[in-house]
Amino acid sequence: MSYRYMRIIVLFDLPSTTYIDQKAYRTFHKFLVNDGFVMMQESVYCKLALNMSVVNGVKARLKAHAPKKGDVEILVITEKQFSKIEYLVGEKQSIIEDSEERMIIL
């Protein structure tokens, strides 16, 4: 795999005490899933990007859809850095969405 690829990791902590907060959470979560983000852990999602111009576009969309309350953080790392993640508990899950192949069968 070429290491020009980038990973966009979104970490968020949103309030869910009121109905309005819960709706904002659901809307943001749906946006992430529809935009191609894959859940790594609860409230931690990642997406593969081809280069920094794609990353900048995704950042702009995230800023436009981020809820008014809560905390949303964006971390951008290279694919080489992402591949060095160590799993202390559990096992690495192989997901097809990260494939370089043109046709992905889900």
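One can find the structure itself at the top, above this paragraph.
Residues numbered from 1 in each chain as written. Predicted model: local features only at pLDDT ≥ 70, side-chain atom pairs only at ≥ 80, totals over all residues. Heavy atoms only, no water.

Chemist: Mind showing me how you'd approach the packing of helix α1 (residues 19-34) against helix α2 (residues 52-65) here?
Modeler: Pairs of packed helices are described in terms of their axes, by the angle between the two and the distance that separates them. Running from amino to carboxyl end, α1 crosses α2 at an angle of 160°, the nearest separation of the two axes being 10 Å. Relative to α2, the element α1 lies roughly antiparallel. Read as a crossing pair, α1 and α2 show a hand that is right-handed. Taken together, the residues of α2 that come into contact with α1 (itself represented by Phe28, Phe31 and Leu32) are Arg61, Leu62 and His65. Residue classes in the contact of α1 with α2 are distributed as four nonpolar, one polar and one charged. (Axes fitted to C-alpha atoms, helices over the stretch in contact; angles between N-to-C directions. Helix = DSSP H or I, 4+ residues; strand = E, 2+ residues; numbered from the N terminus. Parallel < 35°, antiparallel > 145°, perpendicular 65-115°, else oblique. Left-handed = near helix turned anticlockwise from the far one by under 90°. Contact = heavy atoms within 4.5 Å. Nonpolar A, V, L, I, M, F, W, Y, C, P; charged D, E, K, R; others polar.)

Chemist: How should the packing of aromatic side chains be read in this particular structure?
Modeler: For any pair of aromatic rings, geometry is given as the distance between the ring centres together with the angle between the planes. Going through the model one piece at a time under the given rule, you end up with four aromatic pairs. Each ring, one from phenylalanine 12 and one from tyrosine 25, has its centre 6.0 Å from the other, and the planes form 55°; the classification is tilted. One end of the pair, phenylalanine 12, is in strand β1 (residues 6-13); the other, tyrosine 25, is in helix α1, with 13 residues separating them in the sequence. Judged by its relative accessible area of 6%, phenylalanine 12 falls in the buried class. (Phe/Tyr/Trp six-rings, centres within 6.5 Å; stacked < 30°, edge-to-face > 60°. Buried < 20%, exposed > 50% of the residue type's maximum accessible area, 1.4 Å probe, protein only.)

Chemist: Mind showing me how you'd approach the pattern of salt bridges here?
Modeler: It is possible for side chains of opposite charge to pair when their charged atoms get near one another. Counted under the stated rule, the structure contains four salt bridges. With its nearest N and O atoms 2.7 Å apart, the salt bridge here joins arginine 7 to glutamate 79. Taken together, the residues span a long stretch of sequence, with arginine 7 in strand β1 and glutamate 79 in helix α3 (residues 79-83) at a distance of 72 residues. With relative accessibility at 2%, the residue arginine 7 sits in the buried group. Two residues, lysine 69 and aspartate 21, come together in a salt bridge whose shortest N-O distance is 3.6 Å. In this pair, lysine 69 is assigned in the loop between α2 and β4 (71-78) and aspartate 21 in helix α1, connecting sequence segments 48 residues apart. (Salt bridge = Lys/Arg side-chain N within 4 Å of Asp/Glu carboxyl O.)

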